[in-house]
Amino acid sequence: MDRGNFGNRFTAIMAMAGSAIGLGNIWRFPYMVGQNGGAAFIIVYLFFALFICIPIFLSESVIGKRSQLSTFGAMEKYAPKGQWKWLGLLTVFTPLIIISYYSVVGGWSIEYLLKSLSFSFTDPQLSRDGHSAIFLDFVSSTWKPILLHTAFMGINAIIVMAGVKKGIEKFTKISTPILFLLVVLIMCYSLTLPGAKAGVIYMLKPDFSKLTGSAMLSAMGQAFFSLSLGVGCILTYASYLKKEESLLHISVLTSVFDLSFALIAGFAIMPAVFAAGIEPGAGPGLIFETLPFIFSTMGLSAPWLSNIVAILFFVTILFAALTSSVSMLETGVAYLVDEKKMSRPAAVGLLFAGCWTLGVFCSLSFSSLADFKILGNSLFDFCDKLTSNFLMSFGSLLFALFAGWKMKRSDVYDELTNGGTLRGSVKMFGVLYFLIRYIAPLAIILIFATNLIL
Ligand code: TRP
C-alpha cells in the first residue's frame, strides 16, 4: 500500500519545522529566556539542542525512515520478541492526549482572531484586568469554547484526511514560510515601539547567576517540547522521507528553524510587553490577556495599525498551532492505517471522536468541571503536565535506547549515512552514535528523576 511521502527536502523540512514551531515557541520560550538569565539561558539551550535533542531527533528519525512504518510497527520489526513494541504503542497515545488540550487553545486562538478581525482591540480605556475578565468570561462560557475546539479539530481532520502529500505537505509548505514572514513583520513593528529596548535587554542580557539546576532542566524540557520529541511525531514524519534524504541535514535545519522562530517570537513579544510597561508572564495569560491589552494601548495613536498587528499575530498563533497539531493527529492516524489496516478517513474519524471528547472535558475544566481535580490539577493542566513532564521524556528515552542499543549498529550507520554516501554524516557518525547511546539517555534519566522529585 502506498503510504505517501514528502515530495522533496524543502517540503519535508517545512513539515517537520511546522510540527516543531508551535505554541511552545510563542508562549513559553520568550518567557523562559527572560526568567532564566537571558543569553546565558540561550547558550545552555543551544548546548542541549546540540548534544541531546539532535541525537534523539536522529534516533526517532532513523527508526522511522529505516522501517517506513509508524512507532509500533517499527519496533515490532526490529524487536519482534521483546516488550519494546508495547512501549512504542504507549507513545502513540501521547500526541493524542496533547492534541486534545492543544486544540482547546487552538479554539481560543480562533476566537481571538475573530475578535481582532472585528476590530475589538481598539478600546484604550480597557485595563489589563478588563482584558483578563473578558478572557475568563470566554473560557468559562461552556459552549463557545467547545464549538471553537470542534472547529479547530475539524480543520486538523480535513488536512490529515487529505493525506501526506495533498494534505499535510500542501498545507505546511505554505504555512510554515508564512509563519516566519508574519513573525518577522511583527518583530520589526515591535522593535520600533518606544521603550522596546527593555524587552531586548530582558531577552539578551546574560546573567549566569540565574542558571540554576532547575533552569537547566527547564531548558531541556522546553527543548524536547519545542522539537516535538519523544512521542513518535518525528518518527512518523521521517517514515515519509525519501530514501536519499540526509537525516543529519534535516534534523539540524529543523532545530535551527525552531530556535530562530522562538527567538524572533521573543523579539516580537517582549519589546511590546515592556513598551506597555507590564510584567511579562507565560502561558495562556501572555497571549490572551497581556497581548490584547497591549494591542489596545498601542491603539492610542493609530488604532487601525495596532489592530492589523493583532490580526497578524493571531493568524500566526493559529497557524503555528495547526501545523503542530496536524503532526500529532497524523502520528495516531499512521498507526491505525499501518497496523490496523484502517482506511485513512476511518482512522481520522475515530481519532477525531476520541480526541474531541477528551478535549471537551479539558475545555469544561474552565467551567463546569473546574472543581474536578486529578492530583490537584484540573483535567487541562493534568493532561499538559502528564505529557510534557512525563510521557515525552519517557518516549525520548525509549527511542534513544532503541536506536542505540536494540537496532543493529550497521543499520543505524546505513540509515544515517545513506549507505556511506553522505560524507559529512560518515565523519560525524562516531560522535553521533556515542551521543545516542550514552549521553542522551543519561541526560533524560536526569530530567525524569528531577521531574518526579520536584
Ligand atoms: N513542538 C510544538 C510546540 O512547540 C508542539 C508539539 C507538536 C508537540 N508536536 C508535538 C509537543 C509532539 C509534544 C509532542 O508547540
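See the structure printed just above.
Residues numbered from 1 in each chain as written. Predicted model: local features only at pLDDT ≥ 70, side-chain atom pairs only at ≥ 80, totals over all residues. Heavy atoms only, no water.

**A few points about the overall build of the protein chain**
In step 1: A tally of helices and strands in the protein chain yields 18 helices and 0 strands.
In step 2: Relative to a compact globule of 454 residues, whose C-alpha radius of gyration would be 22 Å, the protein chain shows 21 Å and is just as compact.
In step 3: In terms of its C-alpha atoms, the protein chain occupies a principal-axis envelope of roughly 65 × 50 × 45 Å.
In step 4: A burial count over the protein chain gives 59% of its 454 residues as buried.
In step 5: A separation threshold of at least 6 residues defines the contact pool for the protein chain, and within that pool the share at least 24 residues apart is 84%.
In step 6: If you sum the accessible surface of the protein chain, you get close to 17400 Å²; carbon and sulfur atoms cover 70% of it.
In step 7: Computed over 31 positive and 23 negative side-chain charges, the inter-centroid distance for the protein chain is 9 Å. (Helix = DSSP H or I, 4+ residues; strand = E, 2+ residues; numbered from the N terminus. Rg over C-alpha atoms; globule rule 2.2 N^0.38 Å. Buried < 20%, exposed > 50% of the residue type's maximum accessible area, 1.4 Å probe, protein only. Contact = heavy atoms within 4.5 Å. Areas by Shrake-Rupley, 256 points an atom, 1.4 Å probe, with all protein chains shown as cover. Lys, Arg positive; Asp, Glu negative; His and termini not counted. Charge placed at Lys NZ, Arg CZ, Asp CG, Glu CD.)

**Looking at helix H9 (residues 197–204)**
In step 1: Turning to H9, its buried residues are Gly199, Tyr202 and Met203. All buried residues of H9 project into a common sector of 95° when viewed along the axis, lining one side.
In step 2: Tucked inside the fold, the buried residues of H9 contact helix H2 (23–35), helix H3 (39–67) and helix H12 (247–275). (Arc of directions from axis to C-beta.)

**What about helix H1 (residues 9–20)?**
In step 1: Taking 1.5 Å per residue, 12 residues should reach 16 Å; H1 reaches 16 Å between its end C-alpha atoms and fits that length.
In step 2: For H1, the tally of buried residues reaches 10 of 12 residues, placing the bulk of the element in the interior.
In step 3: Among the residues of H1, Thr11, Ala12, Ile13, Met14, Ala15, Met16, Ala17, Gly18, Ser19 and Ala20 are the ones counted as buried.
In step 4: Structurally, the start of H1 carries an N-cap: the backbone nitrogen of Phe10 is 3.1 Å from a side-chain oxygen of Asn8. (Expected span 1.5 Å × (residues − 1). Polar contact = N/O pair within 3.5 Å; in protein donor to acceptor, adjacent residues only side chain to side chain.)

**Description of the pattern of salt bridges**
In step 1: Applying the stated criterion to the full structure yields 12 salt bridges.
In step 2: Ionic pairing is found between Glu330 and Arg344, a salt bridge with its closest N-O pair at 3.0 Å. With Glu330 in helix H14 (residues 303–339) and Arg344 in helix H15 (residues 344–364), this pair connects stretches of sequence that are 14 residues apart. Of the two residues, Glu330 and Arg344, neither departs from the other in class, the shared state being buried.
In step 3: Through salt bridges that share partners, Lys65, Arg66, Lys243, Asp411, Asp414 and Glu415 make up one connected network. (Salt bridge = Lys/Arg side-chain N within 4 Å of Asp/Glu carboxyl O.)

**Concerning the packing of helix H7 (residues 143–161) against H14**
In step 1: Two numbers describe how H7 lies on H14: the axes approach to 9 Å, and their chain directions differ by 60°. Taken together, the axis directions place H7 and H14 in an arrangement best described as oblique. In the crossing of H7 with H14, the sense of the turn from one axis to the other is right-handed. Of the residues in H14, those touching H7 at Phe152, Ile155, Asn156, Ala157, Ile159 and Val160 are Leu318, Ala321, Leu322, Ser325, Val326, Leu329, Glu330 and Val333.
In step 2: Counted by class, the contact of H7 with H14 contains 11 nonpolar, 2 polar and 1 charged residues. (Axes fitted to C-alpha atoms, helices over the stretch in contact; angles between N-to-C directions. Parallel < 35°, antiparallel > 145°, perpendicular 65-115°, else oblique. Left-handed = near helix turned anticlockwise from the far one by under 90°. Nonpolar A, V, L, I, M, F, W, Y, C, P; charged D, E, K, R; others polar.)

**Observations regarding unusual backbone geometry**
Excluding glycine, most residues fall at negative phi; most peptide bonds, likewise, are trans.
In step 1: Positioned with a positive phi, Gln68 is a non-glycine residue whose angle comes to about 55°.
In step 2: For Gln68, the position within the fold is in the loop between H3 and helix H4 (71–78).
In step 3: Residue Gln68 is classed as partly exposed on the basis of its relative accessible area, which comes to 30%.
In step 4: At Ser228, a residue that is not glycine, the phi angle is positive and equals roughly 55°.
In step 5: Relative to the elements of secondary structure, Ser228 occurs in the loop between helix H10 (213–226) and helix H11 (233–238).
In step 6: For Ser228, a relative accessible area of 8% puts it in the buried group.

**So, a nonpolar patch on the surface**
In step 1: On the surface, Trp405, Phe434, Tyr438, Ile439, Leu442 and Ile445 cluster together to form a nonpolar patch covering roughly 590 Å² of accessible area.
In step 2: The dominant element in the nonpolar patch, judged by the number of residues it contributes, is helix H18 (residues 423–453), at 5 residues.
In step 3: Residue position: Ile445 is located in helix H18.
In step 4: For Ile445, a relative accessible area of 44% translates into the label partly exposed. (Patch = residues over 30% accessible without salt bridge, like charges linked within 9 Å, V, L, I, M, F, W, Y side chains within 5 Å.)

**A look at the layout of surface pockets**
In step 1: As a volume, the largest pocket reaches approximately 830 Å³.
In step 2: Lining the largest pocket are 33 residues, and of these Arg28, Met32, Ser218, Ser388 and Asn389 sit closest to its centre.
In step 3: Put simply, the parts of the chain that give the lining of the largest pocket at least two residues each are H2, helix H5 (84–117), H10, helix H16 (379–406) and H18.
In step 4: Ranked by the residues each element gives to the lining of the largest pocket, the list is headed by H16, at 8 residues.
In step 5: The residue makeup of the lining of the largest pocket, split by class, is 16 nonpolar, 13 polar and 4 charged. (1 Å grid on protein atoms, 1.4 Å probe; cavity = no way out; pocket = protein on both sides within 12 Å on 5 of 7 lines; lining within 4 Å. Points joined across faces, edges and corners; volume = space filled by probe spheres on them.)

**Some details on the site of the ligand**
In step 1: In the vicinity of the ligand, 17 residues are found, and the nearest of them are Ala20, Gly24, Tyr102, Phe225 and Ser226.
In step 2: When the ligand is considered free in solution it has 360 Å² of accessible area, and contact with the protein chains removes 100% of it.
In step 3: Under a 2 Å grid-point criterion requiring more than half of the atoms, the pocket assigned to the ligand is the largest cavity.
In step 4: When residues of the shell around the ligand are traced back to their parent elements, those giving at least two are H1, H2, H5, H10 and H14.
In step 5: Classifying every residue of the shell around the ligand gives 9 nonpolar, 8 polar and no charged. (Near = heavy atom within 4 Å. Sits in = over half its atoms within 2 Å of the grid points.)

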